[in-house]
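Fold and contact review
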Amino acid sequence: MQRTLVIFKPDCVHRRLVGQILSRFEAKGLAVVGLKLIQVDRALAEKHYAEHAGKPFFEGLIGFITSAPVVVGVLEGNEAITVVRTLLGATNGVAAAPGTIRGDYSSSKQNNLVHGSDSPESAEREIAMWFKAGEVASFTPAGSEWVIGG
Ligand code: IDP
């Protein structure tokens, strides 16, 4: 079992797509083990996107992610990191394949609806950055053997 951090970005919240997209993750077999809506401050935004500091789109990205509330979650499941990123599709919504979340709902490089951690190291760092220990649940969802069998 693996955990990953997802952020339903301000465009997703404004466009009222949080439920629909969360549903796609759940339908794939991922379980929600943490979830909250928060207004991100500049310090957290800069920490989360530290690897992009100095890039031409950085200031715009920080402005975007702090412009409205986000819904941040921890999803758990088999190969959760890869599964989430595969469902999300390419970063640029214009290039993302049809059938992926970004391919189906986004036409933008920046406003691409959902963030997903890109490696086990990032997932661990990001979950600790966005959630306190008691905010992430540990349990075995009923029926897990049917989701992951074989
Ligand atoms: P990812 O979210 O697919 O992992 P990253 O390259 O890590 O993509 O970029 C982080 C976020 O920064 C993207 O999801 C997107 O919102 C934004 N971003 C990336 N490249 C650009 C760009 O060229 N212009 C504007 N925003 C960008």
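Predicted model, so just to flag it, every value in this text is computed and none were measured.

1. What about the overall build of the chain?
- Assigned secondary structure in the chain consists of eight helices and four strands.
- C-alpha extents for the chain along the principal axes are approximately 45 × 35 × 25 Å.
- Taking all 150 residues of the chain together, the buried fraction comes to 44%.
- The long-range share in the chain, meaning contacts at least 24 apart out of those at least 6 apart in sequence, stands at 75%.

2. What about the site of the ligand?
- The full set of residues close to the ligand is Lys9, Tyr49, His52, Phe57, Leu61, Arg85, Thr91, Arg102, Lys109, Gln110 and Asn112.
- A distance of 3.0 Å is found between an oxygen atom of the ligand and a side-chain nitrogen or oxygen belonging to Arg102.
- The cavity where the ligand resides is the largest pocket.
- Residue composition of the shell around the ligand, by class: three nonpolar, four polar and four charged.

3. Structural notes on the UniProt feature "binding site: ATP" (unreviewed entry) in the chain
- As recorded in UniProt, the feature "binding site: ATP" (unreviewed entry) lies at Lys9, Phe57, Arg85, Thr91, Arg102 and Asn112. Lining residues of the largest pocket drawn from the annotated list: Lys9, Phe57, Arg85, Thr91, Arg102 and Asn112.
- If you trace the backbone, Phe57 turns up in the loop between helix H3 (42-48) and helix H4 (58-65).
- Excluding residues that lie within four positions of it along the chain, Thr91 makes contacts with Arg102, Ser108, Lys109 and Asn112.

4. Some thoughts on the packing of aromatic side chains
- On inspection of all chains with the given rule, the structure shows one aromatic pair.
- Ring geometry for Phe8 versus Phe25: centroids 6.3 Å apart, planes at 65°, classification edge-to-face. Residue Phe8 is found in strand S1 (residues 2-8), and its partner Phe25 is found in helix H2 (residues 18-28); the two are separated by 17 residues along the sequence. You'll find Phe8 and Phe25 in the same group, each marked buried.
- Seen from the ring of Phe131, Lys36 lies directly overhead, with NZ or CZ sitting 4.5 Å from the centre.

5. What to know about the sheet that holds strand S4 (residues 114-116)
- Reading across from one edge, S2-S3-S1-S4 is the order of the four strands in this open sheet, with antiparallel pairing throughout. Edge positions in the sheet fall to strand S2 (31-38) and S4, since each has one partner strand and no second. Taking each pair of neighbouring strands and ignoring which way they run, the sheet shows an average axis angle of 20°.
- Here S1 runs beside strand S3 (residues 70-77); their pairing, made up of seven bridges, is antiparallel. Paired with Ile7 across the strands is Val72, a residue of S3.
- Set on the sheet, helix H5 (residues 80-88) makes contact with S1, S3 and S4; between it and S1 the angle comes to about 35°.

Conventions we followed
- Once a new chain begins, its residue numbering starts again from 1 and follows that chain's sequence as written.
- Note on the predicted model: pLDDT of at least 70 is required for a residue's local features to be given, and 80 or more for side-chain atom pairs to be given and counted; whole-chain, interface and lining totals, by contrast, use all residues.
- Side-chain numbers here rest on the full set of heavy atoms in the structure, without hydrogens or water.
- Secondary structure elements are taken from DSSP: a helix is a run of H or I of four residues or more, a strand is a run of E of two residues or more, and numbering for both begins at the N terminus.
- When accessible area is computed with a 1.4 Å probe and restricted to protein chains, residues below 20% of their type maximum are described as buried, those above 50% as exposed, and intermediate ones as partly exposed.
- Between two residues, a contact is recorded if the distance between any of their heavy atoms is within 4.5 Å.
- The rule for a residue being near a molecule or strand is that one of its heavy atoms must lie within 4 Å of it.
- Two N or O atoms count as a polar contact when they lie within 3.5 Å, although within protein this holds only if one can serve as hydrogen donor and the other as acceptor, and sequence-adjacent residues are included solely when both atoms are side-chain atoms.
- Both site types are read off a 1 Å grid over the protein atoms alone. A 1.4 Å probe that fits but cannot get out defines a cavity, while an open set with protein on both sides within 12 Å along at least five of seven lines defines a pocket; lining residues have an atom within 4 Å of a point.
- For a molecule to be placed in a cavity or pocket, more than half of its atoms must lie within 2 Å of the grid points of that cavity or pocket.
- Residues are grouped as follows: nonpolar covers Ala, Val, Leu, Ile, Met, Phe, Trp, Tyr, Cys and Pro; charged covers Asp, Glu, Lys and Arg; every other residue, Gly included, is treated as polar.
- UniProt positions are given in the numbering used here, feature names are shortened, and annotations may be inferred rather than shown by experiment.
- For Phe, Tyr and Trp, where Trp contributes only its six-membered ring, two rings pair if their centres lie within 6.5 Å, and the inter-plane angle classes them as stacked under 30 degrees, edge-to-face over 60, or tilted in between.
- A ring is scored as having a charge over it whenever the NZ atom of a lysine or the CZ atom of an arginine sits within 6 Å of its centre and within 35 degrees of its normal.
- At least two DSSP bridges between two strands are required for those strands to pair.
- Axis geometry follows a simple rule: fit a line to the C-alpha atoms, using only the stretch in contact for helices, then measure angles between N-to-C directions, giving values from 0 to 180 degrees.

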